[in-house]
Amino acid sequence: MRHHTFAAHLLVAAAAFGIPSFAQTSSSINNGPAGFSGTASFPDPMPMSVRSVVNAPYSAEQVMEQVQTLSDGTHITRKGALRKMYRDSLGRTRTERPAFGGVGLAGRVLESPTIVEITDPVAKVKYTLDTVNRVAHRQQIPASPNQVARTVARTGTIGGIGSGGGAAVAGNVVPSAKVMVPPPLPNGMVRPTTVQDKLGTQTIEGVLAEGTRITSTYEANTEGNDRPIVVVTENWMSPALKMMIMTRTSDPRTGDRTQKLTNITQGEPPADLFLPPSDYSVVDETGPFMLRWGSPR
């Protein structure tokens, strides 16, 4: 019997691809001769302190890949599970993804239920759809005590990667040709020296995107390194969709990592994607909850 701890798998994926983790906090899966079983835990939803994006509907698929080159020239390629993503003109979002990663090493497909998450900033609710047991778990999204949720119109501020959330880059990003050596953190660690360059525009998957290159240099002896470590990240942002289309990072410590949207369709997705199916039971959750599939081992 094979046992996978998804909490560790999720942390590895987040580190490898530089992406925010989903609301799922921990999972386990047993995929052996006796059949499949698994669990997934979900916390309370985060307060609505992030902005939603309206009037910029789309449908797309998100792919992720990491390629690491060993000292002998061997290439190790790891692919993240495919995610389907949707947003309508009201700012409602839907993400479909495997609960347990979906793809393992060497492209081996893991048996996994699909998790569907629907966030509705208008009704201030979030649905987590259990597609095996056909149950919609509904959670109220609390208002932020410190910040009122803002709405970004089509001409507003560009949001972040994924479904319209904000994106941040570690370190101190400064305009091109300006270099700043930041002060050390309180714990003694040193932030990298960071330079940002504009790359102009290019069309990616049929969408015009604006690029920036962020070069972060960790000077010698800041991480036990005897020579500087240079990490280069390219971000390609779509002004029309107000989201990242592609991020590519080259880091000598971990390899080359790419996260990209593909099969992008600009236009209104079907409205029923943002509501639970009519044959699902709706359960109101007042705290963290867990999904269970199969018979416990």
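Scoring rules and cut-offs
- Each chain has its residues counted from 1, running along the sequence as written.
- Residue-level local features of this predicted model are given only where pLDDT is at least 70; pairs of side-chain atoms are given and counted only at 80 or more, and the full residue set underlies all totals for whole chains, interfaces and linings.
- With hydrogens and water excluded, all non-hydrogen atoms of the structure serve as input to the side-chain values.
- Residues enter a nonpolar core if they are buried and are Ala, Val, Leu, Ile, Met, Phe, Trp, Tyr or Cys, with the set joined through side-chain atoms within 4.5 Å.
- Relative accessibility decides the category of a residue: with a 1.4 Å probe and only protein chains considered, values under 20% of the type maximum give buried, values over 50% give exposed, and everything between is partly exposed.
- Here a strand is any run of E in DSSP of at least two residues, a helix any run of H or I of at least four, and the numbering for each starts at the N terminus.
- The contact criterion used throughout is that any non-hydrogen atoms of two residues lie within 4.5 Å.
- Confidence of the prediction at every residue is given by pLDDT, a number between 0 and 100.
- Following DSSP output, two strands are said to pair if at least two bridges run between them.
- Salt bridges are defined by distance alone: a side-chain nitrogen of Lys or Arg within 4 Å of a carboxyl oxygen of Asp or Glu.

Another aspect to go through is the nonpolar core. Of all hydrophobic cores here, the largest spans 13 residues; its most connected members are Y58, I204, L241, I245, L261 and I264. Looking at this core, the elements that each hand over two or more residues are β5 (58-69), β14 (207-218), β16 (243-251) and β17 (255-266). Per element, the largest residue contribution to this core is 3 residues, and it comes from β16. In contact with L261, other than residues within four places in its own chain, are A60, E61, Q62, M85, E205, M243, M244 and I245. The next biggest cluster of nonpolar side chains, apart from the first, holds 10 residues, and it includes I118, V125, A136 and Y280.

What follows concerns the confidence of the model for the protein. When pLDDT is averaged along the protein, the result is 77, and 66% of the positions lie at 70 or above. Counted against residues more than four places away or in other chains, residues 1-22, with its pLDDT under 50, gives 50 contacts. pLDDT under 50 marks residues 154-178. Its contacts with residues more than four places away, or in other chains, come to 69 contacts.

Residues other than glycine seldom take positive phi values, yet R134 does so here, at roughly 60 degrees. Here R134 lies in the loop between β10 (125-130) and β11 (135-140). Judged by relative accessible area, which is 37%, R134 ranks as partly exposed. Although it is not a glycine, N221 adopts a positive phi angle of roughly 75 degrees. Within the fold, N221 resides in the loop between β14 and β15 (229-238). Residue class for N221 comes out exposed when judged on its relative accessible area of 67%.

Our next topic: the pairing of strand β9 (residues 114-120). With respect to burial, β9 is a largely interior element, 5 of its 7 residues being buried. Examined bridge by bridge, strand β8 (residues 93-98) and β9 share 6 bridges and lie antiparallel to one another. Bridging from a neighbouring strand, R94 pairs with I118 of β9. The hairpin turn running from β9 into β10, its antiparallel successor, is 4 residues long, and K124 in that turn takes a positive phi close to 60 degrees.

What follows covers the pattern of salt bridges. All chains considered together, the criterion is met by 10 salt bridges. Its salt-bridge partner being R92, residue D88 comes within 2.7 Å of it at the nearest N-O pair. The pair D88 / R92 is uniform in exposure class, with both members buried. Here D284 ties to R138 by a salt bridge, and the two come within 2.6 Å at their closest N and O atoms. Of the two residues, D284 sits in strand β18 (residues 281-284) while R138 sits in strand β11, which places them 146 residues apart along the sequence. Residue classification places R138 among the partly exposed residues on the basis of a relative accessible area of 25%. Each of R97, E117 and K126 takes part in one network of salt bridges that share partners.

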